[in-house]
Amino acid sequence: GGELKIRKAHISVRYLTSPAIIDKREFALQRTRLADPAAYMATTFWISEGVKVAVADERDPTPYWLISTRRGEDLKRALES
């Protein structure tokens with residue numbers, strides 16, 4: 001429906017850019033040492049890979065969403081279409 005919803009959070013896909021699939025090693029860094037405190041972390045500890053999506057809305061202080069998923073290719077394709 002033109003919107004990405006995870007738990008109670010939602011954002012219009014028109015504000016999402018540059019979806020990137022993150023492998024296990026990089027994902028561990030992105031959700032710990034390299035994490036931006038302003039980012040939205042839609043992660044679970046039992047899934048160690050995912051997608052990082054930049055937020056391109058100047059009104060939104062969230063720089064990106066980090067999303068745990070085993071279906072990264074599917075999510076990336078859906079966000080790009």
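Coordinates for the structure precede this section.
Q: I would appreciate a short explanation of the pairing of strand β1 (residues 3-6) in the present structure.
A: Taken residue by residue, a regular strand's side chains alternate between the two faces of the sheet. Side-chain alternation along β1 places Leu-4 and Ile-6 on a buried face and Glu-3 and Lys-5 on a face that remains uncovered. Here β1 pairs with strand β2 (residues 9-12) via 4 bridges, running antiparallel. Bridge pairing in β2 places Lys-5 opposite His-10. Here β1 hands over to β2 after 2 residues, with Arg-7 in that stretch at a positive phi of 55 degrees.

Q: Looking at this structure, how should I read the sheet that holds strand β5 (residues 50-55)?
A: Sheet strands pair by backbone hydrogen bonding; their relative direction is either parallel or antiparallel. Read from one edge to the other, the open sheet built from 4 strands follows the order β3-β5-β6-β4, with strand pairing classed as mixed. A single partner strand is all that each edge strand has here, and the edge strands are β3 (16-22) and β4 (40-42). For this sheet, the mean angle separating the axes of adjacent strands, direction not counted, is 15 degrees. Where β5 and strand β6 (residues 64-68) come together, 5 bridges link them in antiparallel fashion. Looking across to β6, one finds that Val-51 is bridged to Ile-67. Each of β3, β5 and β6 is contacted by helix α2 (residues 72-80), which is oriented at about 165 degrees to β3, the strand it contacts most.

Q: For this particular structure, what's the right way to read unusual backbone geometry?
A: Trans is the prevailing form of peptide bonds, just as negative phi is the prevailing case for residues other than glycine. In this model, Arg-7 sits at a positive phi of 55 degrees, which is unusual for a non-glycine residue. Considering the arrangement of structural elements, one finds Arg-7 in the loop between β1 and β2. Since its relative accessible area comes to 56%, Arg-7 is described here as exposed. Phi angles above zero are rare outside glycine, and Ser-18 is one such case at about 50 degrees. With relative accessibility at 55%, the residue Ser-18 sits in the exposed group.

Here is what the cut-offs are and how they apply
- Residues numbered from 1 in each chain as written.
- Predicted model: local features only at pLDDT ≥ 70, side-chain atom pairs only at ≥ 80, totals over all residues.
- Heavy atoms only, no water.
- Buried < 20%, exposed > 50% of the residue type's maximum accessible area, 1.4 Å probe, protein only.
- Helix = DSSP H or I, 4+ residues; strand = E, 2+ residues; numbered from the N terminus.
- Pairing = 2+ DSSP bridges.
- Axes fitted to C-alpha atoms, helices over the stretch in contact; angles between N-to-C directions.
- Contact = heavy atoms within 4.5 Å.

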